[in-house]
Amino acid sequence: MAHLAHRCRPPGQRYGWRIKGPWDPANGLWCNENKLLLDPYAKAIDGLIDWDQRASPTILATRRNRNDLDSGEHVSKGVVINPLLRLGTRSSTGHPAE
């Protein structure tokens, strides 16, 4: 599904995933649609985590309560690439860059 979604996006676009589902940390379920997640299959990544309170899944002071602050501006994002262009080449023909 991710591969199909990228076909509609221009190279260079930044993106992440938001997951809806149950919040039940005691059972390993940490779904929170307010948190932007990095695509583990991203071919390129942009930005750094700035460790702002909004990037944490829980309220840092308590480490128990769910943190519903949006993390989008505070985390790394995947970058859509053109799979026909490889690093070190100037075109999709694969000829070495000068």
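Residues numbered from 1 in each chain as written. Predicted model: local features only at pLDDT ≥ 70, side-chain atom pairs only at ≥ 80, totals over all residues. Heavy atoms only, no water.

> Mind laying out the environment of Leu-36, listing which residues take part and the relevant values?
Within the secondary structure, Leu-36 is located in the loop between β3 (29-30) and β4 (45-46). For Leu-36, a relative accessible area of 15% corresponds to the buried category. Spatially, the C-alpha atom of Leu-36 lies 7.2 Å from that of Val-75, the residues being 39 residues apart in sequence. In contact with Leu-36, not counting residues within four places along its chain, are Gly-16, Trp-17, Arg-18, Ser-71, Gly-72, Val-75 and Lys-77. (Helix = DSSP H or I, 4+ residues; strand = E, 2+ residues; numbered from the N terminus. Buried < 20%, exposed > 50% of the residue type's maximum accessible area, 1.4 Å probe, protein only. Contact = heavy atoms within 4.5 Å.)

> Got a sec to walk through the side chain of Ser-56? Specific residues and values, please.
Relative to the helices and strands, Ser-56 resides in the loop between β4 and β5 (77-79). Ser-56 gets classed as buried once you look at its relative accessible area, which sits at 9%. With near-sequence residues (within four places) excluded, Ser-56 lies in contact with Lys-35, Arg-63 and Asn-67.

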